[in-house]
Amino acid sequence: MNVQPSASEPAAAAAVAVPEVVPALDTAGPKDPGSGPGTGRGAALVPIVLVVAGGLSVQFGSAVAALLMPKAGALGVVTLRLAAAALILLVVCRPKLRGHSRADWGTVVAFGVAMGGMNTLFYQALDRIPLGIAVTLEVLGPLALSVFASRRLINVVWAGLALVGVVLLGGGGFDRLDPVGAAYALGAGAMWAAYIVFSARTGRRFPQADGLALAMVVAAVLSLPLGIWESGAKLTVPSTLALGAAVAVLSSVLPYTLELMALRRLPASTFAVMMSLEPAIAATAGFLILNQALSTTDALAIALVIGASMGAVRSRTGARKKG
């Protein structure tokens, strides 16, 4: 894994830039995608292609995870994903365990708890509602964090737009959605917001991807009892283990690597806007892999949430430039 000393790797996976994350990501590379060697139109498109590839990897990985759930259960899939990702990152990153303060370890543990909670709640939602809708509800967490942190009136408009999208998704009251699944997705969004904050703090305290690897271990250890409780010996079936490893690579290792490479040449604000497209990518993956067709109302609702996310990011970026 070719990592940059960015202040937050997994924060790059967050769909919306927030105050702590934007400056952190800004250190990941030059502001001008066309600067440095390899300039030109083709070179400028490379980081964009990497971000799109990372988004496709995450969401198609989630679709594969949904296919694995009948064999291993939602909690079992979370355990397989986090454990496999932790093993891969430990081997690749070889994080140092010495020389860290108690505050450093407290931060990385909090990051791991947020990561584990986000994954556990999201896969519980995925087991009950369509992938595109689950990601749309989940992205409200980072969006809310961005809106609340900005303290700008315009972002109230973006929040209202997102709320309209959520009401449309629920058919006016979530009558046609599994209410438990919707609640899990919203809970995952809250954990995603915490994940963004602690990923930035972890990145500032640990070099390169060390913090990510250690936090992944914390998340895997926390998820292990739940996975064993739900699935037990099913987790040791070779085909299940292989699919779990595939989910880990598609949903964690590969997208984080691609996003870090992109951030070496892509402004954080541009990156954050592109990541706001995650619900649309998720809906596409759900349709192609899981045969989860969306109604016109669902598509409009997802578009409203995407538009709100983009608007919040752009207004936040504009305020930062003026400041």
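Preceding this paragraph is the structure being described.
Below or above, wherever it landed, is the structure these notes cover. (Residues numbered from 1 in each chain as written. Predicted model: local features only at pLDDT ≥ 70, side-chain atom pairs only at ≥ 80, totals over all residues. Heavy atoms only, no water.)

### A short note on the packing of helix α3 (residues 102-126) against helix α4 (residues 131-138)
At step 1: α4 packs onto α3 with a crossing angle of 140 degrees between their chain directions and a minimal axis gap of 9 Å. Taken together, the axes of α3 and α4 are oblique relative to one another. By crossing handedness, the relation of α3 to α4 is classed as right-handed. Contacts from M118, F122 and L126 in α3 reach L131, A134, V135 and E138 in α4. (Axes fitted to C-alpha atoms, helices over the stretch in contact; angles between N-to-C directions. Helix = DSSP H or I, 4+ residues; strand = E, 2+ residues; numbered from the N terminus. Parallel < 35°, antiparallel > 145°, perpendicular 65-115°, else oblique. Left-handed = near helix turned anticlockwise from the far one by under 90°. Contact = heavy atoms within 4.5 Å.)

### Some details on the packing of aromatic side chains
The relation between two aromatic rings is expressed through the spacing of the ring centres and the mutual angle of the planes.
At step 1: Overall, the coordinates contain three aromatic pairs when judged by the stated rule.
At step 2: Seen in terms of ring centroids, W105 and F206 are 6.1 Å apart; in terms of plane orientation they differ by 70 degrees. Their pairing is edge-to-face. Linking W105 in helix α3 with F206 in the loop between α7 (179-205) and α8 (210-231), this pair joins segments that are 101 residues apart in sequence.
At step 3: Consider the rings of F111 and Y195, whose centres lie 5.5 Å apart with planes at 55 degrees: the pair is tilted. Here F111 is found in helix α3, whereas its partner Y195 is found in helix α7, with 84 residues between them in sequence.
At step 4: A relative accessible area of 1% places F111 in the buried class.
At step 5: For Y195, a relative accessible area of 1% puts it in the buried group. (Phe/Tyr/Trp six-rings, centres within 6.5 Å; stacked < 30°, edge-to-face > 60°. Buried < 20%, exposed > 50% of the residue type's maximum accessible area, 1.4 Å probe, protein only.)

### Comments concerning the side chain of D210
At step 1: Structurally, the position occupied by D210 is in helix α8.
At step 2: The side chain of D210 sits in the buried core without any salt bridge; K96 is the nearest counter-charge, 6.8 Å away.
At step 3: Polar side-chain contacts of D210 include one of 3.4 Å to the backbone nitrogen of K96.
At step 4: When residues no more than four places from it in sequence are discounted, the contact partners of D210 are C93, P95 and K96. (Lys, Arg positive; Asp, Glu negative; His and termini not counted. Salt bridge = Lys/Arg side-chain N within 4 Å of Asp/Glu carboxyl O. Polar contact = N/O pair within 3.5 Å; in protein donor to acceptor, adjacent residues only side chain to side chain.)

### As for the nonpolar core
At step 1: In this structure, M115, Y123, I129, L131, L137, Y195 and M216 are the most contacted members of the largest nonpolar core, which totals 63 residues.
At step 2: With 16 residues, helix α2 (residues 41-93) is the single largest residue contributor to this core.
At step 3: Counting residues in each nonpolar core, the second largest holds seven residues, with L50, A262, M274 and M275 among its members. (Core = buried A, V, L, I, M, F, W, Y, C linked by side-chain atoms within 4.5 Å.)

### Structural notes on the pattern of salt bridges
Opposite charge on two side chains permits pairing when their charged atoms draw close.
At step 1: For the coordinates displayed, the defined rule picks out one salt bridge.
At step 2: For the salt bridge of R205 with D104, the shortest nitrogen-to-oxygen distance reads 2.7 Å. With R205 in helix α7 and D104 in helix α3, this residue pair connects regions lying 101 residues apart in the sequence.

### What to know about the packing of α3 against α8
At step 1: Relative to each other, α3 and α8 sit at 55 degrees, their axes nearing to 7 Å. The pairing of α3 with α8 is recorded here as oblique in orientation. Where α3 crosses over α8, the handedness of that crossing is right-handed. Residues W105, V108, V109, F111, G112, V113, M115 and G116 of α3 lie in contact with α8, whose contacting residues are G211, L212, L214, A215, M216, V218, A219 and L222.
At step 2: Of the residues in the contact of α3 with α8, the class split is 13 nonpolar, three polar and no charged. (Nonpolar A, V, L, I, M, F, W, Y, C, P; charged D, E, K, R; others polar.)

### Let's talk about a nonpolar patch on the surface
At step 1: On the surface, a cluster of nonpolar side chains totalling about 390 Å² of accessible area is made up of L45, I48, V49, V52 and L56.
At step 2: Secondary-structure assignment places L45 in helix α2.
At step 3: The class of L45 is partly exposed, set by a relative accessible area of 44%. (Patch = residues over 30% accessible without salt bridge, like charges linked within 9 Å, V, L, I, M, F, W, Y side chains within 5 Å. Areas by Shrake-Rupley, 256 points an atom, 1.4 Å probe, with all protein chains shown as cover.)

### Thoughts on the side chain of S251
At step 1: Examined against the element boundaries, S251 turns out to sit in helix α9 (residues 238-263).
At step 2: Classification of S251 by relative accessible area gives buried; the value is 2%.
At step 3: Excluding residues within four positions of it along the chain, S251 makes contact with S57, V58, G61, S62, R81 and Y123.

### A short note on unusual backbone geometry
At step 1: In this model, R94 sits at a positive phi of 45 degrees, which is unusual for a non-glycine residue.
At step 2: Tracing the sequence through the fold places R94 in the loop between α2 and α3.
At step 3: For R94, a relative accessible area of 66% translates into the label exposed.
At step 4: Here N291, not a glycine, exhibits a phi torsion of approximately 60 degrees, which is positive.
At step 5: When you line up the elements, N291 lands in the loop between α11 (278-290) and α12 (296-322).
At step 6: The class of N291 is exposed, set by a relative accessible area of 67%.

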